[in-house]
Amino acid sequence: MNLDFTIEIANKYKNNSQKTRVLTESWVRDNMYCPICGEPILRQYNANRPVADFYCDKCDSDFELKSREQKAFSSNIIPDGAYDKMIERISSTNNPNLFVMEYLNQRVTNLIFIPKFFFVPSIIIKRPPLKETARRKGWIGCNINIGSIPNDAKIIIIKNGIETPVNYVINSYNRIRLLKTDKIPARGWLFDTMACIDKIEHEYFSLNELYGFESILKLNHPENNFIKAKIRQQLQILRDNGFIEFLGNGKYRKLKL
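Residues numbered from 1 in each chain as written. Predicted model: local features only at pLDDT ≥ 70, side-chain atom pairs only at ≥ 80, totals over all residues. Heavy atoms only, no water.

Draft legend 1. Molecular detail of the sheet that holds strand β5 (residues 97–103). Spatially, β1-β2-β3-β5-β6-β9-β10 is the arrangement adopted by the seven strands of the open sheet, whose pairing is mixed. Single-partner strands in this sheet number two, and they are β1 (43–44) and β10 (162–163). Of the pairings in the sheet, the one linking strand β6 (residues 108–114) to strand β9 (residues 155–159) comprises three bridges and is antiparallel in character. Across the sheet, I112 pairs through a bridge with I156, a residue of β9. Along the sheet, helix α3 (residues 166–176) contacts β6 and β9; its crossing angle with β9, the most-contacted strand, is approximately 160 degrees. (Pairing = 2+ DSSP bridges. Helix = DSSP H or I, 4+ residues; strand = E, 2+ residues; numbered from the N terminus. Contact = heavy atoms within 4.5 Å. Axes fitted to C-alpha atoms, helices over the stretch in contact; angles between N-to-C directions.)

Draft legend 2. The sheet that holds strand β11 (residues 204–206), seen in detail. Ordered by their spatial adjacency, three strands build an open sheet running β11-β13-β12, and the pairing between neighbours is antiparallel. Two strands in the sheet have a free side with no partner beyond their single neighbour: β11 and β12 (244–248). Each neighbouring strand pair of the sheet contributes to a mean axis angle of 30 degrees, computed without reference to strand direction. For β12 and strand β13 (residues 251–254), the ladder comprises four bridges, and the chain directions are antiparallel. For G248, the partnering residue across the bridge sits in β13 and is K251. This element, helix α7 (residues 227–240), spans β11, β12 and β13 of the sheet and lies at about 110 degrees to β12.

Draft legend 3. Region of the structure containing the nonpolar core. W27 and I176 are the most contacted members of the largest nonpolar core, which totals 68 residues. Per-element tally for this core: the top contributor is helix α4 (residues 184–199), with six residues. (Core = buried A, V, L, I, M, F, W, Y, C linked by side-chain atoms within 4.5 Å. Buried < 20%, exposed > 50% of the residue type's maximum accessible area, 1.4 Å probe, protein only.)

Draft legend 4. Summary view of the pairing of β9. Of the strand pairs in this sheet, β9 and β10 are connected by two bridges, and their pairing is antiparallel. Paired with K159 across the two strands is I162, which belongs to β10. Once β9 ends, the chain turns through two residues before running back antiparallel as β10, passing N160 with a positive phi of about 50 degrees.

Draft legend 5. Representation of empty space enclosed by the protein within the structure. In total, this model carries two cavities of 30 Å³ or more according to the counting rule given. Contributing to the lining of the largest cavity are E64, M86, R89, I90, N95, P96, N97, L98, F119 and I144. Broken down by secondary-structure element, the contributors of at least two residues to the lining of the largest cavity are α2 (83–90) and β5. Top contributing element to the lining of the largest cavity by residue count: α2, with three residues. Tallied by class, residues from the lining of the largest cavity come to six nonpolar, two polar and two charged. (1 Å grid on protein atoms, 1.4 Å probe; cavity = no way out; pocket = protein on both sides within 12 Å on 5 of 7 lines; lining within 4 Å. Points joined across faces, edges and corners; volume = space filled by probe spheres on them. Nonpolar A, V, L, I, M, F, W, Y, C, P; charged D, E, K, R; others polar.)

Draft legend 6. Spotlight on the environment of G161. With respect to the helices and strands, the residue G161 is situated in the loop between β9 and β10. Residue classification places G161 among the partly exposed positions, given a relative accessible area of 28%. Sequence spacing of G161 and V108 is 53 residues, and the spatial spacing of their C-alpha atoms is 6.7 Å. Those residues in contact with G161 that lie beyond four places of it in its chain are L3, V108 and T109.

Draft legend 7. Structural context of the side chain of S206. Summarising the element assignment, S206 is placed in strand β11. For S206, a relative accessible area of 11% puts it in the buried group. Ignoring any residue separated from it by four or fewer positions in sequence, one finds S206 in contact with G250 and K251.

What is shown is where atoms sit, not what they do.
This is the structure:
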């Protein structure tokens, strides 16, 4: 995998955003494999396709690419398109998986892969409508808060310029796929419980520590009046699928791949 961009491919473009799009997309097309099945080549859709940028011939998976220049303190907020369309996509079965790329000095520094079944409405932030003076007045865009996505669902392909072995990437996907559900409420509960566990910095944790997030979970799920019971249910799902280990007496341990 060559982490450097092919600079000359963007020479004919004057707009910086166009140059960035051409450079990053050509890099994925020339270097990236399918992180789901391992197929060595991803195909690129025709330009301006509204749903996805790339697809895998072998497993029929779609991928969208979001890229940005790496900063000293990179934000977890990724700009996206129309808010309503994004919410509609998340709720359907045809939303694409996501690549998030960071680059510096014309070279890929970080790349993560987020499976599509770990997107929930709560990570989509609605932007204010465009002003009356704007060409698309009233249009409402959105941002994706990838910082709130559980760590296990952010599969690292490149970190600080170092590649993750292909087999590890695919195994990480197969592991997180055990939690796949198309039911948005169930997905949301798993997502939120895993995010709470991530906030506990140590490897071992207790049920009472998870109960400490009850008020936060209540805000995300106001229709549920049995938050503690729901926490226990999610812990059982995570235990049964090998993400945590139950040690007895309300004690747990986080498990890694």
